[in-house]
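# Inside the fold
Now for the letters of each chain:
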Amino acid sequence: MSGKNQSILRRKPIGDIEEEAGIGHLSRTLGLWQLTAIGVGGIIGAGIFSLAGAVAHQTAGPAVLISFLVAGVASAAAALSYAEFAGMIPKAGSAYTYGYAALGEVVGWFIGWDLLLEYTAIVAVVAIGISGYFGFLVGQLGVDLPAWMLGAPGTGPGHVVDVFAIILCLLTAWILTRGIQSTGRFELLVVALKVLLVVVIVVLGVFHINSANYHPYFPFGFGGVMTGAATVFFAVFGYDAMSTAAEESRDATRHMPKAIIYSLVIAMVLYVLATLVLTGMQNYTQIDPKSGFASAFAAVGLPGVADVIAVGAIISILTVMLTFMLGVTRVWFSMSRDGLLPKWFARTDPKRHVPTRVTWIVGLGSAILAGVLPINTVAELTNIGILSAFVVVCLAVIVLRYRSPEIPRSFRTPLMPVVPAIGVLFSLWLIISLPWETWVRFAVWLVVGLAIYFGYSRRHSLLNPDSPRHAQAGAPGGR
């Protein structure tokens, strides 16, 4: 038995991209624009409808536009690294699979383990946010709902559980179990409506821009701009979750890199135009941090547009839930298929070819988080793991470029190693700036993951020739 096969740094062969025998497979049905829609659906959401106004009001002023550009450049560095891997390894799992192939099994395990928590938490955070909009709109209709169902304990008088958030999580899981083709069509339609809504906001808002609102442009100084960039950075990823759908793309090696880049470019153009209009319509000191555009249009005498924006925000943010729940289920599926988690989770529906078991588990898990925990508590779980995945992918693309330059790549990250190094440094800067409580939760989750890896995953990995699942998989010694 070779030391390589026993090592925790054993690597998944790049050429090994076939499904594990006897467990199931994913259906390759997604085209370029469906993939792009999933990416845009994951990126554009609260960033435009909530975060832009909050950062403009509290942190950066009109220079929030610069904050988005800085965050976009940093995110683009990671996106280009993801694009190279997506074209080279058209396999489910995203950062988990890339880390496994380039840096070794234990690195892939920890990133995959992180993403299981981070993506699930993102789904819950978004559900809580949308639930707030639902409660507001129902109130506008004159319906008086009992307080116990309007939020988690401690979020308001009489609150016991957030029923709307629970329903949204379960509804998202149900949509995903309908099959990836149905999900892709739904996402494409809703994202088209979302983009149209942002375009309408920009077009209508242009006629109400007052250039005096842009002065002073840097009311909080350049430090405020950079603080704003760190805040809005979490509004400019989503393509990472979309890359988990590589095995469900009709032509992943060509389409995935394009979809990653297209989705980020489309989102950044819309972000820049929207923030330019927002800070031009209303002075940054008067922008409502919770509903920037709705308050801005109400302030210029267009309350009807404000109501449309509120409804559009609910619809558009729903696509974020779909993208990240899709991501966590594909990471879980991939880890189970590789032997690092029980193969029961990797079973797919024989008709729709989607991992329905893990989809419902994630749906229930996110529903519990969203139903009983305040949004801030859940949101704190989302940051450090995503940034850690960015660091791993950017480092891995550098390592693999120099270690295995002969591997065919349909897309090559430009200016190697400068571009991925920018992604590493920016992500590390954000990680360091996170509060110590986040580090503690992250450490606890990693310790639990470490116990599972050495207690189960290392022994059952298909890369271990002595794995109980190795003979069943019918794979040669290297698998």
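What this report covers is the structure whose coordinates are included nearby. (Residues numbered from 1 in each chain as written. Predicted model: local features only at pLDDT ≥ 70, side-chain atom pairs only at ≥ 80, totals over all residues. Heavy atoms only, no water.)

## A few points about the overall build of the protein chain
In terms of regular secondary structure, the protein chain is built from 19 helices and zero strands. A compact globule built from 479 residues would reach a C-alpha radius of gyration of about 23 Å, and the protein chain, at 22 Å, matches this within 12%. When the backbone C-alpha atoms are referred to their principal axes, the protein chain occupies close to 75 × 50 × 40 Å. In the protein chain, the share of contacts with a sequence separation of at least 24, taken over all contacts with a separation of at least 6, comes to 82%. Working note: accessible area of the protein chain is about 17800 Å², and carbon and sulfur atoms make up 70% of it. (Helix = DSSP H or I, 4+ residues; strand = E, 2+ residues; numbered from the N terminus. Rg over C-alpha atoms; globule rule 2.2 N^0.38 Å. Contact = heavy atoms within 4.5 Å. Areas by Shrake-Rupley, 256 points an atom, 1.4 Å probe, with all protein chains shown as cover.)

## Brief notes about the nonpolar core
Grouped together as the largest cluster of nonpolar side chains are 140 residues, with contacts concentrated most on F85 and Y239. Sequence-distant contacts of F85, defined by excluding residues within four places in its chain, comprise Y98, A102, V393, A396, V397 and L400. (Core = buried A, V, L, I, M, F, W, Y, C linked by side-chain atoms within 4.5 Å. Buried < 20%, exposed > 50% of the residue type's maximum accessible area, 1.4 Å probe, protein only.)

## What about the environment of A173?
Relative to the helices and strands, A173 is located in helix α7 (residues 163–177). The spatial distance from the C-alpha of A173 to the C-alpha of V107 is 29 Å, given a sequence separation of 66 residues. Those residues in contact with A173 that lie beyond four places of it in its chain are M325, T359, W360 and G363.

## Things to note about the packing of aromatic side chains
One pass over the full model with this rule turns up 20 aromatic pairs. Relative to F324, the ring of Y119 has its centre 5.3 Å away and its plane inclined at 65°; by these criteria the two rings are edge-to-face. Linking Y119 in helix α6 (residues 105–140) with F324 in helix α13 (residues 303–337), this pair joins segments that are 205 residues apart in sequence. Residue Y119 shares its accessibility class with F324, and that shared class is buried. Taking the centre distance of 5.1 Å and the plane angle of 85° together, the rings of Y453 and F454 count as edge-to-face. A network of ring pairs unites the aromatic residues Y82, F85, Y98, Y119, F237, Y239, F324 and F390 as a single cluster. (Phe/Tyr/Trp six-rings, centres within 6.5 Å; stacked < 30°, edge-to-face > 60°.)

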